[in-house]
Amino acid sequence: MKQYRISGRSAAALVADIESAVLAGELAPGERLPSVRRLAAEVGLSPVTVAAALSELRRRGVVLSEPRRGTRIGEGPPIGSLRAPLPVPEGARDLSRGNPDPQLLPDLTSVLAREPSRRRLYGEAPLDPGLAELARERLCADGVPAAAICVVGGALDGIERVLQAHLRPGDRVAVENPGYAALFDLLRALGLVLEPVAVDDRGMLPEQLARALQGGARAAILTPRGQNPTGAALDARRATELAAVLGEHPGVLVLEDDHLGPIAGGELHSLVAGREAWAATRSVAKALGPDLRLAVLAGDARTVARVQGRQQCGPGWVSHILQGAVRELWSDPAVDLGIERACAVYAERRHTLLRALRRRGVTAHGASGLNIWVPVPDEAGAVGGLLQRGWVVAPGTPYRLSGSAPAIRVTIATLGEQEAEVLAADLAEVLAPTAWARSG
Ligand SMILES: Cc1ncc(COP(=O)(O)O)c(C=O)c1O
């Protein structure tokens, strides 16, 4: 493919040109840019001007620069629509998107029909009192202190608001590695610097978190269960160890992203109690449906007040239609039973695939949640090999920061038992073609 020719007579013009090229698809995610020196020569500007333009694009997450690897367009630059989902050829099975099983979500028609009982106008209290009460009960039962809460437009919206309430561009944030690609995009778009902390099946490694905090990270974002992409879940011991590390840094902002809530499987081990600055999100996206776009955010009083105050200057509140729908769903014992059942079904689907892979000598991770994470020697080869056999899975690259090894992510949410056997056989074949050819 012909390389896009960047042009511009000033730093601002270069920024605008590169942004337009990203928007038009002429510069694709991951595409390398020429070195500062070469670009300067190509456009006829000084290296200082070109470096200033790249620095502005870096601060907004449009480009990424890495030592010895130069500068490239980010994987999810915040220009136009981000990260197009992988194309799914006709007849292929899509296991790439991290979605819940629609069959396991509650039916919204009756709650939505019941909800807008009166027309709400400007000037109402932002928080539905019934929803607030239920949220407090649920969070407190899981060990999250919920004296101060507010409602936001999903877990990531809450995380963005909390980060903006506390941090500035250039601040360092400790994140799980591998971790959630959209969270990485968000942090980059906010001009924050990612500080990778390796995870195993029980969450962040305490010694690596300690190193990141000693290195000056001002915040840490942790997923207590159903970690995306690895499925890691904190157990009591790891939670105690991590709390001790965080205890050495009382001023660090701690964000706990319980994006799956009760659907994750496994108890919540929360790390936030007693901290100065913290927030914990509880999204309804996976248990009740992603399009509800609602999460409850608990936090220390100051953090919640800042988030609420800022939210009121912008969208004002999260629609009472949505808040009422979640209140009704959370009040319905049949919905709770459905969530319990869904949680058991997801666990069974996860274990079935993990077992099928283990029988074929393939190691994979998936302690909780909707995905499993399979280390592979070559991501493109594994994704391509599976695609030829009719499976669409996610390459690990967007989820990986430096230091984590190649892998693929497979969403198990809708994967039946027989399908799991076929997928495991196909994956084993893709990973060890010669051995499998020999054994038939
Ligand atoms: C770790 C993590 N956090 C947050 C989200 C998004 O949650 P929400 O839709 O509530 O913003 C996801 C979605 O998969 C996720 O994996």
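This one's a predicted model, so the numbers in the text were calculated from it and none came from an experiment.

Calculation rules
Residues numbered from 1 in each chain as written. Predicted model: local features only at pLDDT ≥ 70, side-chain atom pairs only at ≥ 80, totals over all residues. Heavy atoms only, no water. 1 Å grid on protein atoms, 1.4 Å probe; cavity = no way out; pocket = protein on both sides within 12 Å on 5 of 7 lines; lining within 4 Å. Points joined across faces, edges and corners; volume = space filled by probe spheres on them. Nonpolar A, V, L, I, M, F, W, Y, C, P; charged D, E, K, R; others polar. Pairing = 2+ DSSP bridges. Helix = DSSP H or I, 4+ residues; strand = E, 2+ residues; numbered from the N terminus. Contact = heavy atoms within 4.5 Å. Axes fitted to C-alpha atoms, helices over the stretch in contact; angles between N-to-C directions. Near = heavy atom within 4 Å. Polar contact = N/O pair within 3.5 Å; in protein donor to acceptor, adjacent residues only side chain to side chain. Areas by Shrake-Rupley, 256 points an atom, 1.4 Å probe, with all protein chains shown as cover. Buried < 20%, exposed > 50% of the residue type's maximum accessible area, 1.4 Å probe, protein only.

Caption draft 1: Seen up close, the layout of surface pockets. The computed volume of the second largest pocket comes to approximately 740 Å³. The class makeup of the residues in the lining of the second largest pocket is 10 nonpolar, six polar and 10 charged.

Caption draft 2: Focus on the sheet that holds strand 12 (residues 371–375). If you walk across this open sheet you meet the three strands as 12-15-14, and the pairing is antiparallel. Each edge of the sheet is formed by a strand with only one pairing partner; in this case those strands are strand 12 and strand 14 (394–395). Lying on the sheet, helix 12 (residues 333–359) is in contact with strand 12 and strand 15 (407–411); it crosses strand 12 at an angle near 20°.

Caption draft 3: Local environment of the site of the ligand. Contacts to the ligand come from Gly154, Ala155, Leu156, Tyr180, Asn228, Asp257, His259, Ser283, Ala285, Lys286 and Arg293. Between the ligand and asparagine 228 there is a distance of 2.8 Å, counted from an oxygen atom to a side-chain nitrogen or oxygen. Here an oxygen atom of the ligand and a side-chain polar atom of histidine 259 are 3.2 Å apart. Protein chains shield 91% of the accessible area of the ligand, which is 400 Å² for the free molecule.

Caption draft 4: Main features of the side chain of threonine 411. In this structure, threonine 411 sits in strand 15. Threonine 411 gets classed as buried once you look at its relative accessible area, which sits at 5%. For threonine 411, the side chain forms a polar contact with the main-chain nitrogen of glycine 98, separated by 2.9 Å. Beyond its immediate chain neighbours, meaning those up to four positions away, threonine 411 contacts Leu95, Ser96, Arg97, Gly98, Asn99, Leu370 and Asn371.

Caption draft 5: Local environment of empty space enclosed by the protein. Inspection of every chain in the model, using the stated rule, returns one cavity of 30 Å³ or more. Residue lining of the largest cavity: Pro126, Leu127, Cys150, Val151, Gln308, Gln311, Trp317, Val318 and Gln323, and that is the complete set. Of all the secondary-structure elements, those providing two or more residues to the lining of the largest cavity are strand 4 (148–152) and helix 10 (301–313). Tallied by class, the residues present in the lining of the largest cavity amount to six nonpolar, three polar and no charged.

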